[in-house]
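Spelled out, the chains give:
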Amino acid sequence: MLTSQGGILMTKYHAFSETEAIEYAKSIPGLFSPHAQLISKEIGDGNLNLIFRIHDETNPEESVIFKQALPYARVVGESWPLTLDRARIEREMLLLEDELAPGFVPKVFGFHQELALTVMEDLSDFLILRKGLVERKEYPNLADHLGEFLARTLFFTSDLFLASGEKKQRVVQFTNPELCKITEDLVFTDPYYDAETNQINPLIAQEVTALWRNQELKTEVQKLKDTFMTRAQGLVHGDLHTGSIMVTEEETRIIDPEFAFYGPIGFDIGAIFANLLLNFAAQESHAPSEEERKNYQTYLLSLIQQTWDKFVAEFTNLWKTHSESESTFFEPYVQDYMQGILQDAIGFAGCKVIRRVVGLAHVWDLDSIEDLSKRAHSERFALAIGEKLIVSRKDITDIVEALLLVRRVKAVEVR
Ligand code: SR1
Ligand code: MG
(Lines give C-alpha, C1' and ligand atoms only; values in the text may rest on other atoms or scores of the structure.)
(Ligands and ions follow the chains in the order given, each with its own letter.)
Protein backbone atom coordinates (compact mmCIF):
# COMPACT_ATOMS: atom_id res chain seq x y z
CA MET A 1 0.00 0.00 0.00
CA LEU A 2 1.26 3.48 -0.81
CA THR A 3 1.79 5.97 1.97
CA SER A 4 1.04 9.35 0.53
CA GLN A 5 1.02 12.67 2.34
CA GLY A 6 -1.97 13.93 0.35
CA GLY A 7 -5.29 15.10 1.85
CA ILE A 8 -8.83 13.93 1.12
CA LEU A 9 -8.41 14.68 -2.61
CA MET A 10 -5.74 12.02 -2.70
CA THR A 11 -7.64 9.35 -0.78
CA LYS A 12 -11.26 9.47 -1.95
CA TYR A 13 -11.86 7.80 -5.33
CA HIS A 14 -11.98 10.13 -8.31
CA ALA A 15 -10.46 9.77 -11.75
CA PHE A 16 -7.15 11.64 -11.87
CA SER A 17 -6.30 14.46 -14.22
CA GLU A 18 -2.71 14.69 -15.50
CA THR A 19 -2.02 17.45 -12.94
CA GLU A 20 -3.44 15.43 -10.06
CA ALA A 21 -1.24 12.51 -11.09
CA ILE A 22 1.79 14.80 -10.63
CA GLU A 23 0.54 16.03 -7.25
CA TYR A 24 0.06 12.46 -6.16
CA ALA A 25 3.50 11.38 -7.41
CA LYS A 26 5.04 14.23 -5.39
CA SER A 27 3.17 13.09 -2.30
CA ILE A 28 4.77 9.63 -2.31
CA PRO A 29 8.04 9.84 -0.39
CA GLY A 30 11.04 8.60 -2.39
CA LEU A 31 9.21 8.00 -5.66
CA PHE A 32 11.09 10.86 -7.39
CA SER A 33 13.86 13.17 -6.21
CA PRO A 34 12.57 16.30 -4.39
CA HIS A 35 14.00 18.46 -7.24
CA ALA A 36 12.29 16.50 -10.02
CA GLN A 37 10.39 18.47 -12.67
CA LEU A 38 7.52 16.11 -13.24
CA ILE A 39 5.65 15.76 -16.52
CA SER A 40 2.50 13.68 -16.72
CA LYS A 41 0.76 12.39 -19.81
CA GLU A 42 -2.30 10.18 -20.04
CA ILE A 43 -1.34 7.59 -22.65
CA GLY A 44 -4.07 4.96 -22.24
CA ASP A 45 -5.38 3.59 -25.52
CA GLY A 46 -7.00 0.45 -24.11
CA ASN A 47 -10.66 -0.25 -23.52
CA LEU A 48 -10.90 0.22 -19.77
CA ASN A 49 -8.41 2.33 -17.77
CA LEU A 50 -6.44 5.52 -17.40
CA ILE A 51 -2.69 5.18 -17.86
CA PHE A 52 -0.44 8.07 -16.83
CA ARG A 53 3.25 8.15 -17.69
CA ILE A 54 5.06 10.39 -15.24
CA HIS A 55 8.67 11.34 -15.81
CA ASP A 56 11.26 13.77 -14.51
CA GLU A 57 12.08 16.32 -17.21
CA THR A 58 15.55 16.86 -15.73
CA ASN A 59 16.24 13.12 -15.70
CA PRO A 60 14.15 11.36 -18.36
CA GLU A 61 15.33 7.93 -17.17
CA GLU A 62 13.26 8.45 -14.02
CA SER A 63 9.71 7.48 -14.86
CA VAL A 64 6.77 5.44 -13.60
CA ILE A 65 3.33 4.40 -14.76
CA PHE A 66 0.16 5.11 -12.78
CA LYS A 67 -2.63 2.82 -13.88
CA GLN A 68 -6.03 3.84 -12.56
CA ALA A 69 -9.22 1.86 -13.05
CA LEU A 70 -12.26 3.88 -14.08
CA PRO A 71 -15.64 2.91 -12.58
CA TYR A 72 -16.90 2.21 -16.10
CA ALA A 73 -15.63 0.73 -19.39
CA ARG A 74 -13.74 3.55 -21.11
CA VAL A 75 -14.49 2.17 -24.58
CA VAL A 76 -18.24 2.62 -24.07
CA GLY A 77 -18.55 5.27 -21.36
CA GLU A 78 -20.37 5.73 -18.05
CA SER A 79 -23.37 3.75 -19.29
CA TRP A 80 -21.24 0.59 -18.74
CA PRO A 81 -20.35 0.58 -15.00
CA LEU A 82 -17.46 -1.64 -14.01
CA THR A 83 -16.02 -2.73 -10.68
CA LEU A 84 -12.89 -1.03 -9.33
CA ASP A 85 -11.97 -4.35 -7.70
CA ARG A 86 -10.28 -5.22 -10.99
CA ALA A 87 -7.37 -2.99 -9.90
CA ARG A 88 -6.87 -5.21 -6.83
CA ILE A 89 -7.07 -8.37 -8.95
CA GLU A 90 -4.53 -6.95 -11.40
CA ARG A 91 -2.09 -5.92 -8.68
CA GLU A 92 -2.34 -9.24 -6.81
CA MET A 93 -1.95 -11.15 -10.07
CA LEU A 94 1.12 -9.13 -11.10
CA LEU A 95 2.75 -9.81 -7.74
CA LEU A 96 1.94 -13.52 -7.96
CA GLU A 97 3.11 -13.80 -11.58
CA ASP A 98 6.38 -12.11 -10.63
CA GLU A 99 6.89 -14.78 -7.97
CA LEU A 100 5.97 -17.71 -10.24
CA ALA A 101 7.60 -16.51 -13.46
CA PRO A 102 10.15 -13.88 -12.41
CA GLY A 103 11.07 -11.19 -14.90
CA PHE A 104 8.06 -11.52 -17.19
CA VAL A 105 5.81 -8.83 -15.70
CA PRO A 106 6.27 -5.15 -14.85
CA LYS A 107 7.40 -4.42 -11.28
CA VAL A 108 4.70 -3.09 -8.96
CA PHE A 109 5.98 -0.24 -6.78
CA GLY A 110 2.78 0.54 -4.90
CA PHE A 111 -0.97 0.47 -4.81
CA HIS A 112 -3.75 2.67 -3.49
CA GLN A 113 -6.87 0.62 -2.89
CA GLU A 114 -9.36 3.48 -2.59
CA LEU A 115 -8.08 5.22 -5.72
CA ALA A 116 -7.90 1.88 -7.61
CA LEU A 117 -4.43 2.97 -8.62
CA THR A 118 -1.27 0.95 -9.19
CA VAL A 119 2.21 2.46 -9.47
CA MET A 120 4.36 0.32 -11.70
CA GLU A 121 7.44 0.05 -13.84
CA ASP A 122 7.45 2.15 -17.00
CA LEU A 123 8.05 -0.08 -20.04
CA SER A 124 8.53 2.74 -22.54
CA ASP A 125 11.54 0.93 -24.06
CA PHE A 126 9.19 -1.89 -25.01
CA LEU A 127 6.76 -2.02 -27.92
CA ILE A 128 3.27 -3.49 -27.80
CA LEU A 129 3.66 -6.83 -29.61
CA ARG A 130 0.59 -6.20 -31.77
CA LYS A 131 2.29 -3.15 -33.30
CA GLY A 132 5.49 -5.10 -33.94
CA LEU A 133 3.53 -7.87 -35.66
CA VAL A 134 1.65 -5.43 -37.89
CA GLU A 135 5.09 -4.15 -38.98
CA ARG A 136 6.22 -7.76 -39.53
CA LYS A 137 8.99 -7.64 -36.93
CA GLU A 138 10.51 -10.87 -35.62
CA TYR A 139 11.37 -11.66 -31.98
CA PRO A 140 13.83 -14.52 -31.50
CA ASN A 141 13.04 -15.21 -27.83
CA LEU A 142 9.32 -14.55 -27.85
CA ALA A 143 7.96 -18.10 -28.22
CA ASP A 144 10.26 -19.46 -25.51
CA HIS A 145 9.31 -16.63 -23.16
CA LEU A 146 5.58 -17.08 -23.74
CA GLY A 147 5.80 -20.87 -23.37
CA GLU A 148 7.74 -20.52 -20.12
CA PHE A 149 5.46 -17.83 -18.70
CA LEU A 150 2.36 -19.87 -19.50
CA ALA A 151 3.78 -23.11 -18.12
CA ARG A 152 4.98 -21.60 -14.84
CA THR A 153 1.95 -19.41 -14.05
CA LEU A 154 -0.53 -22.12 -15.02
CA PHE A 155 1.21 -25.13 -13.46
CA PHE A 156 1.99 -23.48 -10.12
CA THR A 157 -1.61 -22.31 -9.69
CA SER A 158 -3.22 -25.61 -10.68
CA ASP A 159 -4.33 -28.59 -8.58
CA LEU A 160 -1.33 -30.43 -10.01
CA PHE A 161 0.86 -28.33 -7.70
CA LEU A 162 -1.18 -26.58 -5.00
CA ALA A 163 -2.68 -28.30 -1.98
CA SER A 164 -6.43 -28.63 -2.38
CA GLY A 165 -7.31 -26.02 0.29
CA GLU A 166 -4.74 -23.51 -0.90
CA LYS A 167 -6.02 -23.76 -4.46
CA LYS A 168 -9.58 -23.10 -3.31
CA GLN A 169 -8.45 -20.02 -1.37
CA ARG A 170 -6.85 -18.73 -4.55
CA VAL A 171 -10.11 -19.35 -6.41
CA VAL A 172 -11.83 -17.09 -3.87
CA GLN A 173 -9.07 -14.45 -4.07
CA PHE A 174 -9.36 -14.29 -7.85
CA THR A 175 -13.11 -14.52 -8.25
CA ASN A 176 -13.73 -11.86 -10.87
CA PRO A 177 -17.41 -12.00 -11.87
CA GLU A 178 -17.82 -8.69 -13.68
CA LEU A 179 -14.82 -9.11 -15.93
CA CYS A 180 -15.66 -12.75 -16.61
CA LYS A 181 -19.16 -11.62 -17.63
CA ILE A 182 -17.60 -9.27 -20.20
CA THR A 183 -15.80 -12.24 -21.73
CA GLU A 184 -18.88 -14.47 -21.52
CA ASP A 185 -20.82 -11.82 -23.47
CA LEU A 186 -18.23 -10.41 -25.85
CA VAL A 187 -16.43 -13.63 -26.74
CA PHE A 188 -19.02 -16.40 -26.46
CA THR A 189 -22.44 -14.81 -26.86
CA ASP A 190 -22.74 -11.52 -28.74
CA PRO A 191 -20.83 -12.45 -31.91
CA TYR A 192 -23.39 -15.24 -32.53
CA TYR A 193 -26.48 -13.07 -32.87
CA ASP A 194 -27.31 -9.56 -33.99
CA ALA A 195 -26.20 -7.93 -30.72
CA GLU A 196 -26.40 -4.14 -30.49
CA THR A 197 -22.73 -3.77 -29.55
CA ASN A 198 -21.37 -5.81 -32.47
CA GLN A 199 -19.20 -3.90 -34.95
CA ILE A 200 -19.40 -5.45 -38.39
CA ASN A 201 -17.83 -4.37 -41.66
CA PRO A 202 -20.93 -4.16 -43.95
CA LEU A 203 -19.00 -5.95 -46.68
CA ILE A 204 -18.98 -9.20 -44.69
CA ALA A 205 -22.69 -9.11 -43.76
CA GLN A 206 -23.38 -12.29 -45.74
CA GLU A 207 -20.65 -14.31 -43.98
CA VAL A 208 -21.78 -13.05 -40.58
CA THR A 209 -25.40 -14.00 -41.26
CA ALA A 210 -24.22 -17.49 -42.25
CA LEU A 211 -22.31 -17.68 -38.96
CA TRP A 212 -25.45 -16.75 -37.00
CA ARG A 213 -27.30 -19.60 -38.75
CA ASN A 214 -24.56 -22.17 -38.20
CA GLN A 215 -26.08 -24.44 -35.50
CA GLU A 216 -23.10 -26.80 -35.36
CA LEU A 217 -20.70 -23.91 -34.76
CA LYS A 218 -22.95 -22.26 -32.19
CA THR A 219 -23.29 -25.55 -30.29
CA GLU A 220 -19.51 -25.91 -30.08
CA VAL A 221 -19.11 -22.28 -28.97
CA GLN A 222 -21.63 -22.82 -26.16
CA LYS A 223 -19.68 -25.90 -25.04
CA LEU A 224 -16.53 -23.77 -24.92
CA LYS A 225 -18.40 -21.08 -22.99
CA ASP A 226 -19.45 -23.72 -20.48
CA THR A 227 -15.81 -24.81 -20.12
CA PHE A 228 -14.79 -21.17 -19.63
CA MET A 229 -17.40 -20.70 -16.91
CA THR A 230 -17.00 -23.95 -15.01
CA ARG A 231 -13.44 -25.29 -15.33
CA ALA A 232 -11.30 -23.82 -12.52
CA GLN A 233 -8.15 -25.53 -13.78
CA GLY A 234 -5.54 -22.81 -13.36
CA LEU A 235 -5.21 -19.10 -12.63
CA VAL A 236 -5.39 -17.58 -16.11
CA HIS A 237 -4.44 -14.06 -17.18
CA GLY A 238 -7.81 -13.93 -18.89
CA ASP A 239 -7.05 -11.41 -21.66
CA LEU A 240 -3.71 -12.49 -23.09
CA HIS A 241 -3.92 -10.88 -26.53
CA THR A 242 -0.94 -9.31 -28.29
CA GLY A 243 -1.87 -5.89 -26.84
CA SER A 244 -1.13 -7.40 -23.39
CA ILE A 245 2.39 -8.43 -24.42
CA MET A 246 5.27 -5.95 -24.62
CA VAL A 247 8.54 -6.74 -26.35
CA THR A 248 12.03 -5.61 -27.19
CA GLU A 249 14.34 -7.62 -29.47
CA GLU A 250 15.37 -9.71 -26.46
CA GLU A 251 12.78 -9.31 -23.73
CA THR A 252 9.09 -9.96 -23.11
CA ARG A 253 6.68 -8.61 -20.53
CA ILE A 254 3.07 -9.63 -19.94
CA ILE A 255 0.85 -6.77 -18.75
CA ASP A 256 -2.79 -6.06 -17.83
CA PRO A 257 -4.00 -9.17 -15.93
CA GLU A 258 -7.19 -7.47 -14.69
CA PHE A 259 -9.33 -10.27 -16.23
CA ALA A 260 -7.50 -12.90 -14.14
CA PHE A 261 -9.63 -15.72 -12.71
CA TYR A 262 -9.57 -19.48 -12.24
CA GLY A 263 -10.44 -20.94 -15.62
CA PRO A 264 -9.37 -23.47 -18.23
CA ILE A 265 -5.60 -23.49 -18.82
CA GLY A 266 -6.16 -23.49 -22.59
CA PHE A 267 -7.81 -20.07 -22.42
CA ASP A 268 -4.57 -18.05 -22.21
CA ILE A 269 -2.82 -20.26 -24.76
CA GLY A 270 -5.78 -19.90 -27.13
CA ALA A 271 -5.67 -16.11 -26.74
CA ILE A 272 -2.08 -16.03 -27.96
CA PHE A 273 -2.81 -18.40 -30.86
CA ALA A 274 -5.85 -16.31 -31.84
CA ASN A 275 -3.99 -13.04 -31.95
CA LEU A 276 -1.15 -14.51 -34.01
CA LEU A 277 -3.78 -15.89 -36.38
CA LEU A 278 -5.56 -12.54 -36.59
CA ASN A 279 -2.25 -11.05 -37.68
CA PHE A 280 -1.82 -13.97 -40.11
CA ALA A 281 -5.16 -13.06 -41.71
CA ALA A 282 -4.38 -9.33 -41.66
CA GLN A 283 -1.08 -9.90 -43.50
CA GLU A 284 -3.16 -10.86 -46.55
CA SER A 285 -3.73 -7.11 -46.82
CA HIS A 286 -0.71 -5.60 -45.02
CA ALA A 287 2.22 -7.41 -46.64
CA PRO A 288 3.59 -5.49 -49.62
CA SER A 289 4.56 -8.59 -51.64
CA GLU A 290 3.64 -12.24 -51.93
CA GLU A 291 7.08 -13.25 -50.72
CA GLU A 292 6.97 -11.07 -47.60
CA ARG A 293 3.49 -12.34 -46.82
CA LYS A 294 4.52 -15.95 -47.20
CA ASN A 295 7.62 -15.53 -45.05
CA TYR A 296 5.86 -13.67 -42.29
CA GLN A 297 2.87 -15.98 -42.21
CA THR A 298 5.27 -18.92 -41.91
CA TYR A 299 6.97 -17.08 -39.05
CA LEU A 300 3.62 -16.54 -37.27
CA LEU A 301 2.75 -20.24 -37.50
CA SER A 302 6.21 -21.16 -36.23
CA LEU A 303 5.61 -18.86 -33.24
CA ILE A 304 2.43 -20.78 -32.44
CA GLN A 305 4.20 -24.12 -32.73
CA GLN A 306 7.24 -23.07 -30.67
CA THR A 307 5.11 -21.46 -27.97
CA TRP A 308 3.10 -24.65 -27.63
CA ASP A 309 6.19 -26.90 -27.70
CA LYS A 310 7.93 -24.82 -25.05
CA PHE A 311 4.77 -24.75 -22.92
CA VAL A 312 4.44 -28.54 -23.07
CA ALA A 313 8.13 -29.16 -22.31
CA GLU A 314 8.11 -26.78 -19.31
CA PHE A 315 4.71 -27.72 -17.97
CA THR A 316 5.33 -31.49 -18.07
CA ASN A 317 8.82 -31.02 -16.62
CA LEU A 318 7.40 -29.03 -13.68
CA TRP A 319 4.68 -31.64 -13.26
CA LYS A 320 7.19 -34.50 -13.21
CA THR A 321 9.53 -32.67 -10.82
CA HIS A 322 6.77 -31.77 -8.38
CA SER A 323 4.67 -34.93 -8.51
CA GLU A 324 4.75 -37.02 -5.40
CA SER A 325 4.07 -40.40 -6.90
CA GLU A 326 3.37 -42.28 -10.10
CA SER A 327 -0.31 -42.12 -9.30
CA THR A 328 -0.38 -38.47 -10.42
CA PHE A 329 2.28 -38.38 -13.17
CA PHE A 330 2.09 -41.27 -15.61
CA GLU A 331 2.30 -41.19 -19.37
CA PRO A 332 -1.27 -41.92 -20.57
CA TYR A 333 -2.79 -39.42 -18.11
CA VAL A 334 -0.21 -36.74 -18.89
CA GLN A 335 -0.91 -37.21 -22.61
CA ASP A 336 -4.65 -36.98 -22.09
CA TYR A 337 -4.31 -33.86 -19.90
CA MET A 338 -2.05 -32.05 -22.38
CA GLN A 339 -4.27 -33.00 -25.33
CA GLY A 340 -7.26 -31.62 -23.44
CA ILE A 341 -5.41 -28.31 -22.99
CA LEU A 342 -4.49 -28.25 -26.69
CA GLN A 343 -8.06 -28.88 -27.85
CA ASP A 344 -9.41 -26.22 -25.47
CA ALA A 345 -6.74 -23.78 -26.67
CA ILE A 346 -7.66 -24.38 -30.31
CA GLY A 347 -11.37 -23.92 -29.60
CA PHE A 348 -10.81 -20.75 -27.56
CA ALA A 349 -8.50 -19.45 -30.27
CA GLY A 350 -11.32 -19.86 -32.79
CA CYS A 351 -13.77 -17.98 -30.54
CA LYS A 352 -11.28 -15.19 -29.96
CA VAL A 353 -10.61 -14.79 -33.66
CA ILE A 354 -14.33 -14.53 -34.45
CA ARG A 355 -15.06 -12.04 -31.62
CA ARG A 356 -12.41 -9.63 -32.99
CA VAL A 357 -14.13 -9.60 -36.39
CA VAL A 358 -17.78 -9.53 -35.34
CA GLY A 359 -17.88 -8.30 -31.74
CA LEU A 360 -17.50 -4.98 -29.92
CA ALA A 361 -13.73 -4.78 -29.49
CA HIS A 362 -11.68 -5.26 -32.64
CA VAL A 363 -7.92 -5.47 -33.18
CA TRP A 364 -5.56 -2.99 -34.81
CA ASP A 365 -4.18 -5.74 -37.09
CA LEU A 366 -7.48 -5.72 -39.02
CA ASP A 367 -8.82 -2.24 -38.28
CA SER A 368 -5.65 -0.61 -39.62
CA ILE A 369 -6.52 -1.95 -43.10
CA GLU A 370 -8.11 1.23 -44.41
CA ASP A 371 -9.56 -0.11 -47.64
CA LEU A 372 -12.82 -1.75 -46.48
CA SER A 373 -12.86 -4.34 -49.23
CA LYS A 374 -9.29 -5.44 -48.45
CA ARG A 375 -10.22 -5.52 -44.78
CA ALA A 376 -13.25 -7.65 -45.63
CA HIS A 377 -10.97 -10.08 -47.47
CA SER A 378 -8.81 -10.56 -44.34
CA GLU A 379 -11.88 -10.68 -42.09
CA ARG A 380 -13.53 -13.43 -44.17
CA PHE A 381 -10.31 -15.40 -43.96
CA ALA A 382 -10.16 -14.89 -40.18
CA LEU A 383 -13.77 -16.03 -39.78
CA ALA A 384 -13.08 -19.17 -41.81
CA ILE A 385 -10.04 -19.97 -39.64
CA GLY A 386 -12.02 -19.37 -36.45
CA GLU A 387 -14.92 -21.59 -37.53
CA LYS A 388 -12.63 -24.41 -38.63
CA LEU A 389 -10.67 -24.39 -35.37
CA ILE A 390 -13.82 -24.49 -33.25
CA VAL A 391 -15.61 -27.32 -35.05
CA SER A 392 -12.50 -29.46 -35.68
CA ARG A 393 -10.75 -29.08 -32.34
CA LYS A 394 -11.73 -32.50 -31.00
CA ASP A 395 -10.05 -34.21 -33.98
CA ILE A 396 -6.73 -32.50 -33.33
CA THR A 397 -4.12 -34.39 -31.35
CA ASP A 398 -1.04 -32.40 -32.27
CA ILE A 399 -0.21 -28.71 -32.81
CA VAL A 400 1.12 -29.49 -36.31
CA GLU A 401 -2.35 -30.72 -37.32
CA ALA A 402 -3.87 -27.43 -36.15
CA LEU A 403 -1.40 -25.45 -38.25
CA LEU A 404 -2.09 -27.66 -41.27
CA LEU A 405 -5.75 -26.86 -40.82
CA VAL A 406 -4.96 -23.14 -41.00
CA ARG A 407 -2.90 -23.74 -44.15
CA ARG A 408 -5.80 -25.67 -45.68
CA VAL A 409 -8.26 -22.86 -44.91
CA LYS A 410 -5.85 -20.48 -46.61
CA ALA A 411 -5.68 -22.70 -49.69
CA VAL A 412 -9.48 -22.69 -49.97
CA GLU A 413 -10.29 -19.12 -48.88
CA VAL A 414 -7.43 -17.12 -50.32
CA ARG A 415 -7.27 -17.53 -54.07
C1 SR1 B 1 -15.45 -3.59 -22.65
S2 SR1 B 1 -13.92 -4.33 -22.65
C3 SR1 B 1 -13.64 -4.95 -24.22
C4 SR1 B 1 -12.47 -5.85 -24.32
O5 SR1 B 1 -11.30 -5.16 -23.91
C6 SR1 B 1 -10.52 -6.00 -23.11
O7 SR1 B 1 -9.17 -5.92 -23.44
C8 SR1 B 1 -11.09 -7.38 -23.25
O9 SR1 B 1 -10.53 -8.07 -24.36
C10 SR1 B 1 -12.51 -7.08 -23.44
O11 SR1 B 1 -13.24 -8.13 -24.00
MG1 MG C 1 -6.36 -5.13 -21.20
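Structure first, text after, so check above.
(A) The packing of helix 9 (residues 266-286) against helix 14 (residues 399-413), seen in detail. At a minimum axis distance of 12 Å, the contact between helix 9 and helix 14 shows a crossing angle of 25 degrees. Taken together, the axes of helix 9 and helix 14 are roughly parallel relative to one another. Note that helix 9 runs across helix 14; the crossing there is right-handed. Between helix 9 and helix 14, the residues in contact are Phe273, Leu277, Phe280 and Glu284 and Ile399, Val406, Arg407 and Lys410, respectively. The residue inventory of the contact of helix 9 with helix 14, partitioned by class, reads five nonpolar, no polar and three charged.

(B) Expanded view of the pairing of strand 6 (residues 108-112). Alignment of strand 6 against strand 7 (residues 117-121), held across four bridges, turns out to be antiparallel. Looking across to strand 7, one finds that Val108 is bridged to Met120. Between strand 6 and strand 7, which pair antiparallel in sequence order, lie four residues; one of them, Ala116, sits at a positive phi of approximately 50 degrees.

(C) Region of interest: the site of ligand 1. Around ligand 1, a shell composed of Asn47, Leu48, Val75, Trp80, Ile182, Leu186, Asp239, His241, Phe259, Arg355, Arg356 and Ala361 is seen. A distance of 2.6 Å is found between an oxygen atom of ligand 1 and a side-chain nitrogen or oxygen belonging to Asp239. For ligand 1, the protein covers 95% of the area, taking 320 Å² as the surface of the free molecule. Taken together, the elements giving at least two residues each to the shell around ligand 1 come down to helix 6 (177-188) and helix 11 (331-358). Residue classes in the shell around ligand 1 are distributed as seven nonpolar, two polar and three charged.

(D) How the structure looks around a negative patch on the surface. A surface patch of negative charge is lined by Asp309, Asp395, Asp398 and Glu401. The partly exposed category is assigned to Glu401, whose relative accessible area is 31%.

(E) Focus on the packing of helix 4 (residues 142-155) against helix 10 (residues 290-322). Running from N to C, helix 4 and helix 10 cross one another at 35 degrees; their axes reach a closest spacing of 7 Å. Judged by the sense of rotation from one axis to the other, the crossing of helix 4 with helix 10 is right-handed. For the pair formed by helix 4 and helix 10, the contact residues are Leu142, Ala143, Asp144, Leu146, Gly147, Glu148, Leu150, Ala151, Arg152, Leu154 and Phe155 on the first element and Leu303, Gln306, Thr307, Lys310, Phe311, Glu314, Phe315, Leu318, Trp319 and His322 on the second. Here the residues of the contact of helix 4 with helix 10 are counted per class, giving 12 nonpolar, four polar and five charged.

(F) Structural context of the side chain of Glu184. Tracing the backbone through its elements, the reader meets Glu184 in helix 6. Buried and without a salt bridge, Glu184 has Lys181 as its closest oppositely charged side chain, separated by 5.4 Å. Look past the residues within four positions of Glu184 in its chain and what remains in contact with it is Thr189, Lys225, Phe228 and Met229.

(G) Highlighting the pairing of strand 3 (residues 59-69). As paired strands, strand 2 (residues 49-56) and strand 3 are joined by eight bridges and run antiparallel to one another. Paired with Leu50 across the strands is Gln68, a residue of strand 3. Alignment of strand 3 against strand 7, held across five bridges, turns out to be antiparallel. Its bridge partner being in strand 7, Ile65 is matched across the sheet by Met120.

(H) Quick peek at the pattern of salt bridges. Summed over the entire model, instances satisfying the criterion amount to 24 salt bridges. Of the charged contacts, one joins Glu92 and Arg91 as a salt bridge, the two residues approaching to 3.8 Å between their closest N and O atoms. Across the pair, exposure class does not vary: Glu92 and Arg91 are buried alike. Residue Lys107 is joined to Asp98 by a salt bridge in which the shortest nitrogen-to-oxygen separation is 2.7 Å. Within the structure, one salt-bridge network assembled from shared partners comprises Lys67, Arg86, Glu90, Asp256 and Glu258.

(I) Quick peek at the state of the cysteines. With the rule as written, the count across this model stands at zero disulfides. Cysteine Cys180 remains unbridged, with the sulfur of Cys351 as its closest cysteine sulfur at 15 Å. By relative accessible area, Cys180 is classed as buried at 10%. A relative accessible area of 0% places Cys351 in the buried class.

(J) Structural detail: the packing of aromatic side chains. A full pass over the atoms with the stated rule returns 24 aromatic pairs. For the ring pair Tyr24 and Phe66, a centre distance of 5.8 Å and an interplane angle of 70 degrees mean the geometry is edge-to-face. Of the two residues, Tyr24 sits in helix 1 (residues 18-27) while Phe66 sits in strand 3, which places them 42 residues apart along the sequence. Phe66 shares its class with Tyr24; the two are buried. Their ring planes at 45 degrees and their centres at 5.3 Å tell us that Phe188 and Phe228 sit as a pair that is tilted. Of this pair, Phe188 sits in helix 6 while Phe228 sits in helix 8 (residues 215-230); the two residues are 40 residues apart in sequence, bridging distant segments of the chain. Looking at Phe228, the relative accessible area reads 2%, which means it is buried.

Calculation notes
- Residues numbered from 1 in each chain as written.
- Chains lettered and ligands numbered in written order.
- Predicted model: local features only at pLDDT ≥ 70, side-chain atom pairs only at ≥ 80, totals over all residues.
- Heavy atoms only, no water.
- Axes fitted to C-alpha atoms, helices over the stretch in contact; angles between N-to-C directions.
- Helix = DSSP H or I, 4+ residues; strand = E, 2+ residues; numbered from the N terminus.
- Parallel < 35°, antiparallel > 145°, perpendicular 65-115°, else oblique.
- Left-handed = near helix turned anticlockwise from the far one by under 90°.
- Contact = heavy atoms within 4.5 Å.
- Nonpolar A, V, L, I, M, F, W, Y, C, P; charged D, E, K, R; others polar.
- Pairing = 2+ DSSP bridges.
- Near = heavy atom within 4 Å.
- Polar contact = N/O pair within 3.5 Å; in protein donor to acceptor, adjacent residues only side chain to side chain.
- Areas by Shrake-Rupley, 256 points an atom, 1.4 Å probe, with all protein chains shown as cover.
- Patch = residues over 30% accessible without salt bridge, like charges linked within 9 Å, V, L, I, M, F, W, Y side chains within 5 Å.
- Salt bridge = Lys/Arg side-chain N within 4 Å of Asp/Glu carboxyl O.
- Lys, Arg positive; Asp, Glu negative; His and termini not counted.
- Charge placed at Lys NZ, Arg CZ, Asp CG, Glu CD.
- Buried < 20%, exposed > 50% of the residue type's maximum accessible area, 1.4 Å probe, protein only.
- Disulfide = S-S within 2.5 Å.
- Phe/Tyr/Trp six-rings, centres within 6.5 Å; stacked < 30°, edge-to-face > 60°.

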